[in-house]
Amino acid sequence: MITHSLGFPRMGLARELKTALEARFAGTLDAAGLARVAADLRLRHWRLQAAAGIDLVPVGDFSLYDHMLDLAVLFGVVPARYGHAGGPADEALYWRMARGEAGTDGRVTALEMTKWFDTNYHYLVPEFEPDQSFALVGTTILDEAAQARAAGFTPKAVLPGPVTFLMLGACAGEPFDRLALLPRLLPAYSQLLAKLAETCPWIELDEPVLCQDLPADALAPCRAAWTALAEAAAPARLLLAAPYGSLAHNLDFVRDLPVGALHIDLVRDPSQLALAAKALAPETALSLGLIDGRNIWRVDAAAALSRIALAAERLGPRRLMLAPSCSLLHCPVDLEAETDLDPEIQSWMAFAVQKCREVRLLADAAAPSGAGRPEVADALAENRRAWESRRASPRLADAAVRRRTAAVSQDMFHRPAAFAARAPLQAEALQLPLIPTTTIGSFPQTPEIRQTRAKFRRGELAAAAYEAFVRGQVAEAVARQEALGLDVLVHGEPERNDMVEFFGEKLAGFCFTRNGWVQSYGSRCVKPPVIYGDVSRPGPMTIGLAVFAQSLTDKPVKGMLTGPSTILAWSFVRDDQPREVTRRQIALAVRDEVADLEAQGIRVIQIDEPGLREGLPLRRRDWETSLALAVDDFRLAAAVAKAETQIHTHMCYADFDEIVPEVAAMDADVISVEASRSRMAPLAAFARDGYPNAIGPGLYDIHSPRVPSAEEMEDLLRRAAALIDPARLWANPDCGLKTRAWDEVTPSLANMVAAARRLRAQLAGQGL
Ligand code: GLN
Ligand code: ZN
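Residues numbered from 1 in each chain as written. Chains lettered and ligands numbered in written order. Predicted model: local features only at pLDDT ≥ 70, side-chain atom pairs only at ≥ 80, totals over all residues. Heavy atoms only, no water.

K.L.:
Looking at this structure, how should I read the coordination of the zinc ion (ligand 2)?
P.N.:
Reference geometry at the metal: tetrahedral coordination by four donors gives ideal angles of 109.5 degrees; octahedral coordination by six donors gives 90 or 180 degrees. Protein ligation of the zinc ion (ligand 2) involves H650 (NE2), C652 (SG) and C735 (SG), the donor distances falling in the range 2.0 to 2.3 Å. Taken together, the four donor atoms coordinating the zinc ion (ligand 2) and their angles of 96 to 122° define a geometry best described as tetrahedral. (Donors = N, O, S within 2.8 Å, 3.2 Å for Na, K, Ca; no water. Tetrahedral: all angles 85-135°; square planar, octahedral: opposite > 155°, others 65-115°.)

K.L.:
Explain the packing of helix α22 (residues 579-599) against helix α23 (residues 623-638) to me, please; I cannot follow it from the model alone.
P.N.:
Relative orientation and spacing of two packed helices are given, respectively, by the angle between their axes and the distance between those axes. At their nearest, the axes of α22 and α23 sit 7 Å apart, and the two run at 25° to each other. By the angle between their directions, the pair α22 and α23 is classed as roughly parallel. The element α22 and its partner α23 pack so that their crossing is right-handed. In contact with E580, R583, R584, A587, L588, V590, R591 and V594 of α22, α23 contributes S626, L629, A630, D632, D633, L636, A637 and A638. Here the contact of α22 with α23 is built from residues that sort into nine nonpolar, one polar and six charged. (Axes fitted to C-alpha atoms, helices over the stretch in contact; angles between N-to-C directions. Helix = DSSP H or I, 4+ residues; strand = E, 2+ residues; numbered from the N terminus. Parallel < 35°, antiparallel > 145°, perpendicular 65-115°, else oblique. Left-handed = near helix turned anticlockwise from the far one by under 90°. Contact = heavy atoms within 4.5 Å. Nonpolar A, V, L, I, M, F, W, Y, C, P; charged D, E, K, R; others polar.)

K.L.:
So what exactly am I meant to see when it comes to the site of ligand 1 here?
P.N.:
Residues in contact with ligand 1, as listed here, are I440, G441, S442, E493, M499, M560, D608, P610, H650, C652, C735 and G736. Between ligand 1 and E493, the relevant distance is 2.9 Å, taken from a nitrogen atom to a side-chain nitrogen or oxygen of the residue. A distance of 3.1 Å is found between an oxygen atom of ligand 1 and a side-chain nitrogen or oxygen belonging to H650. Computed on the free molecule, ligand 1 has an accessible area of 300 Å², of which 90% lies beneath the protein chains in the complex. Partitioning the shell around ligand 1 into residue classes produces six nonpolar, four polar and two charged. (Near = heavy atom within 4 Å. Polar contact = N/O pair within 3.5 Å; in protein donor to acceptor, adjacent residues only side chain to side chain. Areas by Shrake-Rupley, 256 points an atom, 1.4 Å probe, with all protein chains shown as cover.)

K.L.:
Can you walk me through the pattern of salt bridges in this structure?
P.N.:
Side chains that carry opposite charge are capable of pairing whenever their charged atoms lie near each other. Scanning the model with the defined rule gives 52 salt bridges in all. Between D342 and R395 there is a salt bridge; the shortest N-O distance is 2.7 Å. Residue D342 is found in the loop between β14 (320-324) and α12 (343-346), and its partner R395 is found in the loop between α14 (374-392) and α15 (399-406); the two are separated by 53 residues along the sequence. Its relative accessible area of 28% is what places D342 among the partly exposed residues. (Salt bridge = Lys/Arg side-chain N within 4 Å of Asp/Glu carboxyl O. Buried < 20%, exposed > 50% of the residue type's maximum accessible area, 1.4 Å probe, protein only.)

K.L.:
It is not clear to me how the pairing of strand β8 (residues 155-160) should be interpreted in this structure. Could you clarify?
P.N.:
Across a regular strand the side chains alternate sides, sitting on one face of the sheet and then on the other. Burial within β8 is extensive, with six of its six residues counted as buried. Neither face of β8 is left uncovered, since the one carrying P155, A157 and L159 and the one carrying K156, V158 and P160 both have all their residues buried. Here three bridges tie strand β2 (residues 57-59) to β8, and the two strands are oriented parallel to one another. Residue pairing across strands places V57 opposite P155, the latter belonging to β8. As defined by bridge partners, β8 adjoins strand β10 (residues 202-206) across five bridges and the pair is classed as parallel. Pairing of L159 across the sheet is with L205, part of β10. (Pairing = 2+ DSSP bridges.)

K.L.:
Please clarify how the packing of aromatic side chains should be interpreted in this entry.
P.N.:
The description of two aromatic rings rests on the distance between their centres and on the angle between their planes. Within this structure, the stated rule accounts for 17 aromatic pairs. Judged by centre distance (6.2 Å) and plane angle (75°), the ring pair of Y65 and W95 falls under edge-to-face. Remark: W95 occurs in helix α4 (residues 91-99) and Y65 occurs in the loop between β2 and α3 (67-74); sequence separation between them is 30 residues. When the centroid spacing of 5.1 Å and the interplanar angle of 90° are considered together, the rings of F502 and F503 count as edge-to-face. Taken together, F75, F128, F134, F165 and Y189 form an aromatic cluster joined through their ring pairs. The aromatic ring of W387 is capped on one face by R390, whose charged end is 5.1 Å from the ring centroid. One residue, K527, lies across the ring of W517, its end atom 5.5 Å from the ring centre. (Phe/Tyr/Trp six-rings, centres within 6.5 Å; stacked < 30°, edge-to-face > 60°. Lys NZ or Arg CZ within 6 Å of the ring centre and 35° of its normal.)

K.L.:
Can you walk me through the sheet that holds strand β19 (residues 558-562) in this structure?
P.N.:
Picture the strands of a sheet paired through backbone hydrogen bonds; they go either parallel or antiparallel. As summarised here, the arrangement of the five strands in space is β19-β20-β21-β22-β23, forming an open sheet in which the pairing is parallel. Strands at the two margins of the open sheet, each flanked by one partner only, are β19 and β23 (694-697). Here the strands of the sheet are splayed against their neighbours by 20° on average, with no regard to which way each runs. The pairing of strand β21 (residues 646-651) with strand β22 (residues 670-673) spans four bridges and is classified as parallel. In the strand pairing of β22, H650 is matched with S672.

K.L.:
I keep staring at the packing of helix α10 (residues 272-279) against helix α11 (residues 301-315) and nothing clicks. Help me out?
P.N.:
With their axes 10 Å apart at the nearest point, α10 and α11 run at an angle of 20° to one another. The angle between α10 and α11 falls in the class roughly parallel. As α10 packs across α11, the resulting crossing turns out to be right-handed. Here α10 contributes L273, A274 and A277 to the contact with α11, which in turn contributes R307, L310, A311, R314 and L315. Residues that form the contact of α10 with α11 fall into these classes: six nonpolar, no polar and two charged.

K.L.:
Could you clarify how one ought to interpret the environment of L240 in this entry?
P.N.:
Among the secondary structure elements, L240 is positioned in strand β11 (residues 237-242). L240 gets classed as buried once you look at its relative accessible area, which sits at 0%. Separated by 491 residues in sequence, L240 and A731 have C-alpha atoms that sit 48 Å apart. When near neighbours in sequence (up to four residues on either side) are disregarded, L240 contacts L205, E207, L210, W226, V254, L257, A261, L262 and H263.

K.L.:
So what exactly am I meant to see when it comes to empty space enclosed by the protein here?
P.N.:
A probe as big as a water molecule, rolled over the atoms, marks out the empty space that is left. Overall, the coordinates contain five cavities of 30 Å³ or more when judged by the stated rule. Here the largest cavity defines a volume of roughly 320 Å³. Surrounding the largest cavity, 27 residues form its lining, G60, D61, H67, V158 and P160 being those nearest its centre. Put simply, the parts of the chain that give the lining of the largest cavity at least two residues each are α3, α5 (140-150), β8 and β10. With four residues, the single largest contributor to the lining of the largest cavity is α3. Of the voids in this model, the second largest cavity is the one considered here, and its volume is about 100 Å³. As for the second largest cavity, its lining consists of 15 residues, and the residues nearest its centre are P9, M11, G12, V333 and W517. (1 Å grid on protein atoms, 1.4 Å probe; cavity = no way out; pocket = protein on both sides within 12 Å on 5 of 7 lines; lining within 4 Å. Points joined across faces, edges and corners; volume = space filled by probe spheres on them.)

K.L.:
Where do I start with the UniProt feature "binding site: L-homocysteine" (unreviewed entry) in the protein chain in this structure?
P.N.:
Taken from the UniProt record, the annotation "binding site: L-homocysteine" (unreviewed entry) applies to I440, G441, S442, E493 and D608. A maximum C-alpha distance of 13.1 Å is found for the annotated residues, which run over 169 residues; spatially they form one tight group. Mapped onto the secondary structure, S442 falls in the loop between α16 (419-430) and α17 (447-457). By the secondary structure assignment, D608 is in strand β20 (residues 604-608). Judged by relative accessible area, which is 6%, D608 ranks as buried. (UniProt positions renumbered as here; feature names shortened; annotations may be inferred.)

K.L.:
Can you walk me through the side chain of Q426 in this structure?
P.N.:
Within the secondary structure layout, Q426 lies in helix α16. Among the residues examined, Q426 registers a relative accessible area of 3% and is labelled buried. At 3.3 Å, the side chain of Q426 and the backbone oxygen of T645 are in polar contact. Excluding anything up to four places from it in sequence, Q426 contacts R415, Q431, A643, E644, T645, Q646 and D669.

Spelled out as structure tokens, the structure:
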């Protein structure tokens, strides 16, 4: 059984790539220096994988910034705004496409960035013209394959397939059928594959769109494309991979396809094994994705081996390959680098290196007489012990949490009154003007704040001194907001490094890694918390600072919480129970916090859910159930509040077009959404679907250092007021302001307040 990997984390154990990229961006490292760091990392990662027992090491999975960007550049897909004359892209062009760097012709925007399937990895969206031409103008992946070959490895080239490349792209102007570009794209792919075949015995095309809904009329062109590419790749064998979901509904796309192998994600859908096995052409191998590439838990070797046995029975052992379910990009590098984890919990985990070893172990154990080999038998026994310890561990189950979730009753999902009845009570309690102004929660995390928090974490600053510092920051934030004339204030979140980590640290059932970094986009990494056991709230999490901030002002201060779906989406979640069970527990913990905030005099509470949309399944038809459950958990968290208490939510950088009814069902009194770049586009969907509650459209882009004028924001507000009844309209920025500096934020917010006041005055003149 050949073992392979679909990709390895790019950053390096010590985030060497991040450091090098930042130095390159700052101009302290030259291009050759960056290329050296990249080449070293690739070599190190191939060594790690090969040493763990991976037969085919991936090339092409590495990228300086993003693999979709690399492919666009490789095929000369460069939007007109970059003024590129064709031919190979130089380094400057690459960064301008990635980051919108200033070029000779002024500032150009970067390619749009969006989430890669249902992961928290963001890719750069290629833009296609209806008459787009494609040519192989680069050599990156070819050079990497040559590097791997020269270093003595057996490389497998890995790249997104043509259907995924086109479907995940955007249309440069008016929408058109991007798949119609397939015939133009194929010659460039064919040429690339033929060249790769000189160094790589296998070439993997990732087509995760196979797990989504593909239009029926795409069947023939997709099959023709893959068939042609399998020919172009010869003598290399083509591996068609469908990670991140199930392709059970799209089997006709792959049935009897003359490819070398088909890779399926058996973590996401174990039941597709038998179906996929039946759909294979006689010469085609099946690659079993049995090790979870998306999570940090050890494989259950016994369960995986029984799947392998089933597959071997159907296809014979020689037609099987073994791999993680998807690229290990979404996993931290090496568990052995963790020094602070509880040893018992650590024994349940596997990071990328360990996952490669697990692939090897399963392959060895499944080989004839393999399980009889002492080292294999030992490793299997050790795996079983770890699983037994995990299943039996008293740290997983908390009887009180179980009793509580079982006792959740229908009335707990409902506010005491409907929005129409709540709104006047809140107006009475809060005394807000028309079009109230507010912010999304965080204020600039100044170098001083970051350094002080880091000192406190390292133990160099006593808790009392740190607390005093944080309170000073909160007091300053309140004073600034009062001076700006904002209507609903926030405490500014100076104590929070990350909106999920902060809550994870206060909840039971979570633990934290030291080095568990995962690439989010480009040079940005996140360190998701790990949820290993039942979740509960040992005590208040945000009350102290909220109450302190409220004590400083007569204006209402918004309590600031992260919602259950977002905490779930941005953590490594336990895999021994359905995700929904875990989220329900989180929802109850958030509910307790809402109740406490209210009891302590906080009259406005925001529950952020920016991660709700991305947690949706790959297929549209599975959304309904999934969304309903997510909405229920938001409601469970919020509905404990009295009618007079105003509940806000915030969602951003998500496509609302198809989910407005569900967002309405969350029944938040006010929702804030990002809307400035698209000049209020989301409001059209809200208006069309008759969204009933209040909305705060984002009036300024928090990703840009630019200060928008009052006129500009007034204009946006007028557009908003044309779509949404001004009585239900708020004014706020797109998102939190933590990445900005005060010298941008202060004038921007002053202009925002001025814009709201002008429209307010005008509407008052009209008798509103
Ligand atoms: N309250 C958070 C903040 O202001 C919300 C961030 C987000 O939506 N990602 O930072
Ligand atoms: Zn946001």
